[in-house]
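# A closer look at the structure
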Amino acid sequence: MPTALITGGTSGIGKATAELLHARGYRVAVTGQNPDSVARAQSELPDDVLVVRSDARVLSDTDALMSAVSERFGSLDLLFLNAGVFRPAPLSDATEESFDEHTEVNFKGQYFTLQKALPLLNDGGSVVMTVGIMGIHRGSPGATLGAATRGALLAMMPSLALELAPRRIRVNAVSPGATDTPLMDKLGVPQEARDAMRANIPFERFGSVQEVAETVAFLASDAARYITGQDVTVAGGSGLSA
Ligand SMILES: NC(=O)c1ccc[n+]([C@@H]2O[C@H](COP(=O)([O-])OP(=O)(O)OC[C@H]3O[C@@H](n4cnc5c(N)ncnc54)[C@H](OP(=O)(O)O)[C@@H]3O)[C@@H](O)[C@H]2O)c1
């Protein structure tokens, strides 16, 4: 049975991906950092999904995570680096605390999770990183820290893909547009703002977590065996207009 580790798998996109991969026969491990969401995921995900409380900012947590995954699965076929935060604020209001949180979860956390997972990843395995359409070339007022720390992932992806190519480990990104997850509630986005965002999407709806999960499952599958170093946008046409 193939195996997958999904960081930020207790909610939203990560949890939907855990459910889809489990239904397709994967053995799955997920992480989150909030004890309440970890407990909720434990009760909502299938019993044999390994749910680990592991804060992506804390490297000793990541070491313990890899030990738990190694003990349960032995090795990994997919590492889905999905844990992330997004706390929009204009530059004038940004704090050092928010700067550090974005950097440590979205960039440093992903980087060292991959480093520490490398010995477990099987040759021919797959790494997928969640980026988002505000990675490098598009923007939104207030999104500087979210965009910069996601853009860092895209900037390192080609080099990672080349480093891991000798082991035939593929490194790709998935970039959701506005997706219907608990994130909007966590951010307190009001209904009118959601309606305005929806009206700006060519497909006139938010993406679903399943649509992003299907893309991750494809990138992890043998059907994508010759695809590496690519960022796949799942956004209903957002960002295409001139
Ligand atoms: N939803 C969108 O429209 C959208 C668009 C583009 C990109 N994204 C990105 O997609 C990813 C998933 O987002 P989502 O919408 O599914 O959000 P979500 O429902 O808020 O899920 C975020 C996940 O990341 C975990 N996480 C946060 N901080 C963590 C940390 N320090 N250590 C470990 N896990 C941590 C959360 O766990 P806890 O609950 O335990 O904190 C949760 O499992 C994020 O990286 C997000 O930035 C989302």
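Located above this text is the structure these notes cover.
Residues numbered from 1 in each chain as written. Predicted model: local features only at pLDDT ≥ 70, side-chain atom pairs only at ≥ 80, totals over all residues.

Quick look at the overall build of the protein chain now. Check the secondary structure of the protein chain and you find eight helices and seven strands. With respect to the three principal axes, the spread of C-alpha positions in the protein chain is 45 × 40 × 35 Å. By residue count, 44% of the 242 residues in the protein chain fall in the buried class. Within the protein chain, contacts between residues separated by at least 24 positions form 70% of all contacts whose residues are at least 6 apart in sequence. (Helix = DSSP H or I, 4+ residues; strand = E, 2+ residues; numbered from the N terminus. Buried ≥ 20, exposed ≤ 12 C-beta atoms within 10 Å, placed from the backbone. Contact = placed C-beta atoms within 7 Å.)

Here the focus is the environment of arginine 27. The residue arginine 27 is located in strand 2 (residues 27–32) in this model. On the neighbour-count criterion, arginine 27 (20 C-beta atoms within 10 Å) is buried. With near-sequence residues (within four places) excluded, arginine 27 lies in contact with Met1, Thr3 and Phe73.

Below, the discussion takes up the nonpolar core. Counting 53 residues, the largest nonpolar core has Val28, Leu79, Val128 and Val216 as its most contacted members. Residues within four places of valine 28 in sequence aside, it is in contact with Ala4, Ile6, Ala18, Leu21, His22 and Val49. (Core = buried A, V, L, I, M, F, W, Y, C linked by C-beta atoms within 7 Å.)

Before going further, it helps to spend a moment on the environment of proline 190. By secondary structure assignment, the location of proline 190 is in the loop between helix 6 (182–187) and helix 7 (191–199). By the C-beta count within 10 Å, which is 10 here, proline 190 ends up exposed. In this structure, the C-alpha to C-alpha distance between proline 190 and glutamate 19, residues 171 residues apart in sequence, is 29 Å.

What follows is about the pairing of strand 3 (residues 50–53). Inspection of the sheet shows strand 2 paired to strand 3 by four bridges, in the parallel sense. Of the residues in strand 3, the one forming a bridge with glycine 32 is arginine 53. (Pairing = 2+ DSSP bridges.)

Let's shift gears to the site of the ligand. Neighbouring the ligand are 31 residues; Gly8, Gly12, Gly32, Gly84 and Gly132 lie closest to it. Sorting the residues of the shell around the ligand by element identifies helix 1 (12–23), strand 2 and helix 6 as the ones contributing at least two each. Considering only residue class, the shell around the ligand consists of ten nonpolar, 18 polar and three charged. (Near = placed C-beta within 6 Å. Nonpolar A, V, L, I, M, F, W, Y, C, P; charged D, E, K, R; others polar.)

This next bit is on the packing of helix 1 against helix 8 (residues 209–220). At their nearest, the axes of helix 1 and helix 8 sit 8 Å apart, and the two run at 60° to each other. Between helix 1 and helix 8, the crossing angle belongs to the class labelled oblique. Considering the relative orientation of helix 1 and helix 8, their crossing is right-handed. Contacts between helix 1 and helix 8 involve Gly12, Ile13, Ala16, Thr17, Leu20 and Leu21 from the first element and Val209, Gln210, Val212, Ala213, Glu214, Val216 and Ala217 from the second. Partitioned by chemical class, the residues of the contact of helix 1 with helix 8 number nine nonpolar, three polar and one charged. (Axes fitted to C-alpha atoms, helices over the stretch in contact; angles between N-to-C directions. Parallel < 35°, antiparallel > 145°, perpendicular 65-115°, else oblique. Left-handed = near helix turned anticlockwise from the far one by under 90°.)

Think of two packed helices as two axes; the pair is described by the angle between the axes and how far apart they sit. With their axes 9 Å apart at the nearest point, helix 4 (residues 96–117) and helix 5 (residues 144–164) run at an angle of 20° to one another. When the axes of helix 4 and helix 5 are compared, the pair comes out roughly parallel. Both helix 4 and helix 5 take part in a crossing whose hand is right-handed. Of the residues in helix 5, those in contact with Ser98, Phe99, His102, Thr103, Asn106, Phe107 and Gln110 of helix 4 are Leu145, Gly146, Thr149, Arg150, Ala152 and Leu153. Across the contact of helix 4 with helix 5, the residue classes tally to five nonpolar, seven polar and one charged.

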